[in-house]
Structures are given as C-alpha cells and as structure tokens.
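# Topology and contacts: notes
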Amino acid sequence: MPRRIISLAGGRRGVIALVAALAGLALIGVAWRAQVSAPQPHPSGRIDVAAAAPTADLGRSPSPARSHPLGPSRPVRIAIPAIGVHSAVFPIGKTRTGRLGVPQPGPRLNQVAWYRRSPAPGQPGPSVLLGHVDSVEGPSVFFRLGDVHPGDKVRIRRKDGTTVVFTVNAVRDFHKAHFPSRLVYGGADLTTPQLRLITCSDYVASIHHHIGDQVVFAHLTSVRHPRRAAASGTRAEE
Amino acid sequence: MEGSPVRKTLKTLIPLAAATVPLALLPAAAHADSGTSYQTTLNALNGSGGSGMATVTVQGHRATVNLSYTGLATTFGGNPYPHVQHIHVGANGTCPTMSDDKNGDGIVDTVEGQPDYGMVATTLSTKGPTSAKAATDITVAPAGGSASYHRSFRLNAATMDALQSGTAVIVVHGLDPATLSKKAQNEKSNLVPSLPLAATAPALCGALSSMPTGGVATGTGSTGGIEDLGMFAVGGGLLAGGGALFATRRRATSKAG
C-alpha cells in the first residue's frame, strides 16, 4: 500500500512535496479563519434622532404636576445583548488638547468609558460612552458596535443600583475630519435622557489609521429602580 | 523565507485588501462646528429633585444658550414658579455642597454658595437685558417645574473670560417651600428681602466645561489589516516549496521516462 502511494506521487520527493503543499494550504486556511474585521455599516447621513422618541414610558405613570428625573450616579456596567457586550464602565475625562480621553493600556483597556462631564445615563441630555474597536491585543469591547441596529437595547447599571434601558434610534458613521461634536455631545434636545456610544471605524491600512467614528444614538425607554435592601446582595450583574 | 515571492505577493495583497474596505463616508452632516462650545450637567442642590443639562456656544461675542431641566418646584402661590437662572463667575468654578450651609438651616443659600460659584455675571433671562442687573427679576425667569430655554445674546467680557478659564457656573434658583426646614421656611431671601428664602435659594447647579472636540481615537487598527501574517507566509512558503518540489520531480521522472 504505502509503496503504491509513494509510486503514485512519484517517489519520496513527491510525497514530501505533497505533504508540504497540504500543510501550507492548511496553515493558510487556519490563518484565513482567524481573520477578523469590525463591521462597517451605515454611511453617514442625516441624523433623525427621534423627535418623537417614546420618552414617556419610564416605567411609571407620568405625573402631570411634577416629574422626577434621575439625578447623577455614574454608570458601572453596560450590556448590549444584541452584540454580546457586557462590560464594566469607568469614568474618563478629556485630553490636554480638549478631545475625549480613551481607555489606556492596562486592566481597563478593553472596558467601556463614560465621559464624566456628560450626564449620567438617565439624566436629561446625551450621556457619552466610548470604547475601543480594537487594541494591540486584537478586537476590543466595541468591535461589533457596527452591528447594532435601531430598536436594539442598551442596559446600563448605575452606582445607585438603578438600571436604565435605552433603545437605539440610529447608528452613524462620521469622517473624523467632519465629526459633528455639537450634535454628538450636545444636540438640540437636552430635555430627554439620551445615550451616545462611540468607537472608531473605517480603518485604512495604507495610513494605519481609522478615518471615521461610529456613533450609536439611543434614548431612554425604561428605568428599573433597585429593589429595596434584599436585592443588594443577590443580583450579581444585570 | 527572505526574499520569497510570497512576501512580495502579500505586500501587494495588503493594499488591495484595504481598498475593499468600504469607504462609504460622505462628508458628515454639513454643519461644520464653528465657535467654542461648553456644556454642563445641572444637578440638584438643596434636595430640589431637579436634573438638567445646558450647553453654551460662543461665536465671536455672541453666546447661544440651550438649557433644559425637569423636576423643579412647579407652582408658587398658585402661579407657575419663576426660576431665575444665571451664569456665575469669579470664584472656584464649582458647585457647593451641604457643608457650605454655614447657618445650619439645612439650605445652602445663594450667598453661602458664592465661595464656590462666585457672583452673577449673566442673567439667563427669557427677554430683555441679560446683565447681572436682571438677576432677581422674576418676570423674565422661566416658570414652572421644567423648562427648555434657548436664547442668543451678546456675551459680556466677564462671562467670556470665566468660560475660557473654566470658572463659569450655571445656577438655577427656586425651591419648593414645603421641602424646607421650619427654620428655613421662615427665613427671608438674603438677595431680595421681600421674598422668602426658598424663592432665591439654588436648586440646580452645574460648572461649565468645554465640550470635547472631534471624535475619539479608539482603535489601533490591529484588526484592520491582515492578522497572522506569519502563518500566511509560512503556509504560502510551504505551498510554493511543495509545488516547486513536485514540478522538479515531474521533470526528473519525465526525463527518466
């Protein structure tokens, strides 16, 4: 049997050649399967950030006399079930040049950061959170942010135990050179609690840079207050 | 593998792969940001229960203020509650805490907060003057428990300087008297003695800071190119080497044959 194979392949050299070629193919296959790239959807366009967003449905009957907005309490965890994101959240500031800071190498590199000068999630106005799409270690926490779609939910737990749930209105890609800072960090509507999730997009290998930023726009749709006392020890995480 | 054609092939393949990255980036929403923007979150003081946000955009000498809040006292003596609101300057650029309640009445009144936020430099009035002179004119204050305030006006130098140095603070005043201690309920405003303390005590406070500019640098591109280049190279090398070996064998056997 082995003889026959050897002769079929044309001698010992032939066998070595065949094995080498097959091994090469296998290696290429493995490497091919290991390729990852962040989803790159939605080109930028007009942002229709829910003028008529359902903001009344806050899990309680709206009181005509006086509403009770959430106060400040920093976010501690985020979950985006649609893309499998579950991460701790930590506060971050601005850089010396006035840009948003980003998670630095270390234990928090692949966590989500909340811009500490923006509203806490659930307070009126846009709460700003950001995460890396990738790091030197590979895909990062917002790698799949481009796969988020309108209607998807984003759950955020605050330090005070309140869980706020946002519903995605829009996902947009902006060229960094034309990033609409005022729309993203502010916007015309400061009355309703909103959320912005930001990451990099549109990597151009020839210049080794992402030239775009992807922004998820969402609005608050429900609030879950912590269950009194008994709840504190039992609920590990959303 | 030095000088192998594989490496050359990869070198040409990488830019090719990059070119297939969809660069569907129309120039984003055409409002190019001009001027400088500031923002703040308005947090409750004195247990007002309110919450809000404000942005200030300065272009030349003009400021455009966008300010919203909810949850403040709604009525005062049967009428919509007037909440006077100002930009304070000239102190630490911070908001007071309950430890600033020097007279122990349970309320940080407007004067007690001054070491933190300073004096009124701009009145965010609904109409007419925006100077400090209009500070206690309740007829030009937004009224009711929630407000959405938009106004564009000429900014004075003191406020401009404070914005730039990070010491400008927005304060919205007016508490529900029912939430005050007995002692505080009987006190008069130290700003307008004809008014009760509740009318002028701070209800919301927020220190303005410059809005971040531009987007974020949240990627290294580690997943943007081709991963495991080494594996591709070794694999490619083996494939090519195997192929070459096979070819020479063929030649050798055909010659022999």
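The structure presented is a predicted model; accordingly, all values stated were derived computationally and were not measured. (Residues numbered from 1 in each chain as written. Chains lettered and ligands numbered in written order. Predicted model: local features only at pLDDT ≥ 70, side-chain atom pairs only at ≥ 80, totals over all residues.)

With that settled, consider the overall build of chain B. Scanning chain B from terminus to terminus reveals six helices and eleven strands. Counting over 257 residues, chain B shows a buried share of 44%. A separation of at least 24 residues holds for 70% of the contacts in chain B among residues at least 6 apart in sequence. (Helix = DSSP H or I, 4+ residues; strand = E, 2+ residues; numbered from the N terminus. Buried ≥ 20, exposed ≤ 12 C-beta atoms within 10 Å, placed from the backbone. Contact = placed C-beta atoms within 7 Å.)

With that settled, the discussion passes to the environment of Ala-203 of chain B. All names here are of chain B. If you trace the backbone, Ala-203 turns up in strand E10 (residues 202-207). The class for Ala-203 is buried, based on 29 C-beta atoms found within 10 Å. Sequence separation between Ala-203 and Val-171 is 32 residues, and the spatial gap between their C-alpha atoms is 7.4 Å.

For the rest of this paragraph, the subject is the nonpolar core. In this structure, Leu-129 and Val-216 of chain A together with Val-169 of chain B are the most contacted members of the largest nonpolar core, which totals 94 residues. With six residues, strand E8 (residues 163-175) of chain A is the largest single contributor of residues to this core. If we ignore the near neighbours within four places in the chain, the residues touching Val-216 of chain A are Leu-145, Val-148, Val-168, Val-171, Arg-196 and Leu-197 of chain A. Formed by five residues, the second largest nonpolar core is a distinct cluster that contains Ala-17 and Leu-27 of chain A together with Leu-238 and Leu-239 of chain B. (Core = buried A, V, L, I, M, F, W, Y, C linked by C-beta atoms within 7 Å.)

All names here are of chain A. If you trace the eight strands once around the closed barrel, you get E1-E2-E3-E4-E9-E10-E8-E7, paired in mixed fashion. Averaged over all neighbouring strand pairs, the angle between strand axes comes to 35°, with direction disregarded. Bridge count for strand E1 (residues 75-80) against strand E2 (residues 85-92) is four bridges, and the pairing is antiparallel. The residue of E2 that forms the bridge with Ala-79 is His-86. (Pairing = 2+ DSSP bridges. Axes fitted to C-alpha atoms, helices over the stretch in contact; angles between N-to-C directions.)

It is worth spelling out unusual backbone geometry at this point. Note on backbone geometry: most residues besides glycine have negative phi, and most peptide bonds are trans. Phi at His-208 of chain A is positive, roughly 55°, even though this residue is not glycine. Note on placement: His-208 of chain A falls in the loop between strand E9 (193-204) and strand E10 (209-224). A tally of 11 C-beta atoms within 10 Å means that His-208 of chain A is categorised as exposed. Positive phi values are uncommon outside glycine, yet Asn-46 of chain B reaches one of about 55°. Within the secondary structure layout, Asn-46 of chain B lies in the loop between strand E1 (36-44) and strand E2 (51-59).

Close inspection of predicted coordinates is inappropriate in any region flagged by low pLDDT. Residues and elements named next belong to chain B. Chain-level statistics for chain B give a pLDDT mean of 83 and a share of 77% at 70 or above. The low-confidence segment residues 12-32 (pLDDT under 50) makes 40 contacts with residues lying over four places distant or belonging to another chain. Confidence metrics for the complex model read pTM 0.77 and ipTM 0.76. (pLDDT = per-residue confidence, 0-100.)

This part is about helix H3 (residues 157-165) of chain B. All names here are of chain B. Among the residues of H3, those classed as buried are Thr-159, Ala-162 and Leu-163. Each buried residue of H3 sits inside an arc of 100° when the element is viewed along its axis, so together they form one side. For H3, the exposed residues set more than 90 degrees away from the buried face come down to Ala-157 and Ser-165. Lining the buried residues of H3 we find E1, E2, strand E6 (85-89) and strand E7 (119-123). Residue Gly-166 follows H3 closely and has a positive phi angle near 75°. (Arc of directions from axis to C-beta.)

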